[in-house]
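Spelled out from the first residue to the last, the chains are:
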Protein chains: 2
Amino acid sequence: MKVLKTKHMGFCFVVKRAVNMVLKEINKNRGVVYTLGPIIHNPQMVKALMEKGIIPVDDVSQVKDGAVVFRTHGIKKEEEKQIKEQGLRIIDTTCPFVKRVRKRAIHLRKNGYKVVIVGDANHPEVKSVLSYLDNDGIVLQAPASIQSKKVGVVSQTTQNKDTFMNVVNGLIEGLDELRVYNTICESTAIRQKEAVELSVLVDVMFVVGGKNSSNTTKLYNTVRKAQPRTYHIEN
Amino acid sequence: MKVLKTKHMGFCFVVKRAVNMVLKEINKNRGVVYTLGPIIHNPQMVKALMEKGIIPVDDVSQVKDGAVVFRTHGIKKEEEKQIKEQGLRIIDTTCPFVKRVRKRAIHLRKNGYKVVIVGDANHPEVKSVLSYLDNDGIVLQAPASIQSKKVGVVSQTTQNKDTFMNVVNGLIEGLDELRVYNTICESTAIRQKEAVELSVLVDVMFVVGGKNSSNTTKLYNTVRKAQPRTYHIEN
């Protein structure tokens, strides 16, 4: 049996960097390190980190002292405020591409655009971006018509390109101005492209990653369209 | 035989205004009034005005004195400069919606966008807008890929909506930022919509207007798709 692998696979540099930042902190032996939610959507990695004393919590109020990690998906505006008020030590592993989405979205809102985020309303990245807009934004995953003169669009970094373009296309009609920032992460796009290309050359495809990972799930769904014999496995 | 008419038909208010402005000037008896190109793309109207002493010329250099009319489609930047230097009297009938296209395009270029004009490169409106960009713009009527980080889009006012959206859709992929101004004129869009709706209720359609009119030709082509028995007549 031949096993073929895509050129780009595994954690992106931002996730690797995040894990390293947290490990560096725990090695300083300054006490417990908390992460707000799982630092990445990969149960095995989260478990390995927990064994080293890195504890995911659901709510800032559960943390009384020590260090708090802002995970790669970013943090909510109100959580950031609370953490700063509590004077907790901050380790910010937020993905720079996620910060760019946030920056673009804030810029658009400041300039009078109704902001559309193409993404999953339940994903922490989208929740984070929306919180920095004081929740004054619209989250879409399918075409819709928006009643506003000026509409600005950003994308969840791990969004599928076709979905993104579908939503944008649907918005154009009836608007005076549409301003679109393509904030899809290249790592995601490259992995999707390579995986689809490889999938048609093989008999079976395995997409390996967290079952709770939006990114891996989208990769799986994308590949499955090209290769029906595709499986999403975690380990 | 029943003759049905669309609700909105005939000259738009800007063309009516232009004709009135020119007639008002000629009635002052201050000498010949020149228009740069035909004031509108309607030979019968141009002939009627010529009989009153309103003369279309191809080139500013043909005018030595008197009044010069900027027609509804707008004027080229270099022509405007030359006319001002010659100290000629100016009657500016440029359509305000055309001026808005120009303003948006200049704004985009100033802010670092590569400017795309969706329109016909040979149309005076498009030539006018392009001249105010110092010819640093791209005219498209079909989807194309542009190698630029930031692309801004405006439309010829009389552009067909489907063509406009087609071009915009083609541009989205591969860009960091796309900024779209929908500068299609409502009068045009309404006339196209009403004409198509009426065309399927009748046995034959007549679209009446200048054979040299981009607007009328597009209206004819749009209606013809819904009603094959459609004729473009001038009088």
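Going by the structure above, here's the rest.
Here's a quick rundown of the structure.

1. Quick notes on the side chain of H232 of chain A
Residue and element names in this part refer to chain A.
- Along the polypeptide, H232 turns up in strand β10 (residues 230-233).
- We classify H232 as buried; its relative accessible area is 12%.
- Polar side-chain contacts of H232 include one of 3.0 Å to the backbone oxygen of G209.
- In this view, H232 contacts V207, G209, G210, K211, T216, T217 and Y220; residues no more than four positions away in its chain are not counted.

2. A short note on the packing of aromatic side chains
- Under the criterion given, the structure shown has four aromatic pairs over all chains.
- A ring pair is formed by F13 of chain A and F97 of chain A, whose centres lie 6.5 Å apart and whose planes are at 85°; its orientation type is edge-to-face. One end of the pair, F13 of chain A, is in helix α1 (residues 13-27); the other, F97 of chain A, is in helix α4 (residues 96-110), and 84 residues separate them in sequence.
- Geometry around Y113 of chain A places K150 of chain A over its ring, the cationic atom sitting 4.5 Å from the centre.
- For R102 of chain B, the ring lying beneath its charged end belongs to Y132 of chain B, and the centroid distance is 4.1 Å.

3. What about the interface of chain B and chain A?
- Listed as interface residues are 17 residues of chain B and, on the opposing side, 16 residues of chain A.
- Summing the contributions of chain B and of chain A, the shared interface buries around 1,500 Å²; its carbon and sulfur component is 50%.
- Inspection of the region where chain B meets chain A yields two salt bridges.
- Close ionic contact of E177 of chain A with R179 of chain B constitutes a salt bridge, the shortest N to O distance being 2.8 Å.
- Run the count over chain B and chain A and you get 10 residue pairs in polar contact (both at pLDDT 80 or more).
- Of all elements in the fold, only α6 (161-172) and β8 (177-181) of chain B reach the threshold of two or more residues within the side of chain B that touches chain A.
- Here the side of chain B that touches chain A takes six residues from α6 of chain B, the largest share from any one element.
- Of the residues assigned to the side of chain B that touches chain A, the class counts are nine nonpolar, three polar and five charged.
- Where strand β8 (residues 177-181) of chain A and β8 of chain B come together, five bridges link them in antiparallel fashion. Bridge assignment links Y181 of chain A to a residue of β8 of chain B, and that residue is E177 of chain B.

4. Points about α4 of chain A
All names here are of chain A.
- For α4, built from 15 residues, the straight-helix expectation of 21 Å at 1.5 Å per residue is met to within 8% by its first-to-last C-alpha distance of 21 Å.
- Where α4 is buried, its residues touch β5 (114-118), α5 (124-132), β7 (150-155) and β8.
- A positive phi of about 85° marks G112, the residue just after α4.

5. Focus on the relation of the copies chain B and chain A
- Here chain B sits on chain A after a turn of 179° about the axis and a move of 0.0 Å along it, with an RMSD of 0.1 Å. The symmetry that links the two subunits is that of a two-fold axis. Minimal C-alpha separation from the rotation axis in chain B is found for R179 of chain B, amounting to 2.1 Å.

6. Remarks on the environment of V223 of chain A
Residue and element names in this part refer to chain A.
- Secondary-structure assignment places V223 in helix α8 (residues 214-226).
- Taking relative accessible area as the criterion, V223 reaches 0% and is therefore assigned buried.
- Sequence spacing of V223 and L178 is 45 residues, and the spatial spacing of their C-alpha atoms is 31 Å.
- Apart from the residues lying within four places of it in its own chain, the contact partners of V223 are A195, V196, S199, M205, V207 and T230.

Basis of the calculations
Residues numbered from 1 in each chain as written. Chains lettered and ligands numbered in written order. Predicted model: local features only at pLDDT ≥ 70, side-chain atom pairs only at ≥ 80, totals over all residues. Heavy atoms only, no water. Helix = DSSP H or I, 4+ residues; strand = E, 2+ residues; numbered from the N terminus. Buried < 20%, exposed > 50% of the residue type's maximum accessible area, 1.4 Å probe, protein only. Polar contact = N/O pair within 3.5 Å; in protein donor to acceptor, adjacent residues only side chain to side chain. Contact = heavy atoms within 4.5 Å. Phe/Tyr/Trp six-rings, centres within 6.5 Å; stacked < 30°, edge-to-face > 60°. Lys NZ or Arg CZ within 6 Å of the ring centre and 35° of its normal. Buried area = accessible area lost by both parts, 1.4 Å probe. Salt bridge = Lys/Arg side-chain N within 4 Å of Asp/Glu carboxyl O. Nonpolar A, V, L, I, M, F, W, Y, C, P; charged D, E, K, R; others polar. Pairing = 2+ DSSP bridges. Expected span 1.5 Å × (residues − 1). Least-squares fit on C-alpha atoms with pLDDT ≥ 70 in both.

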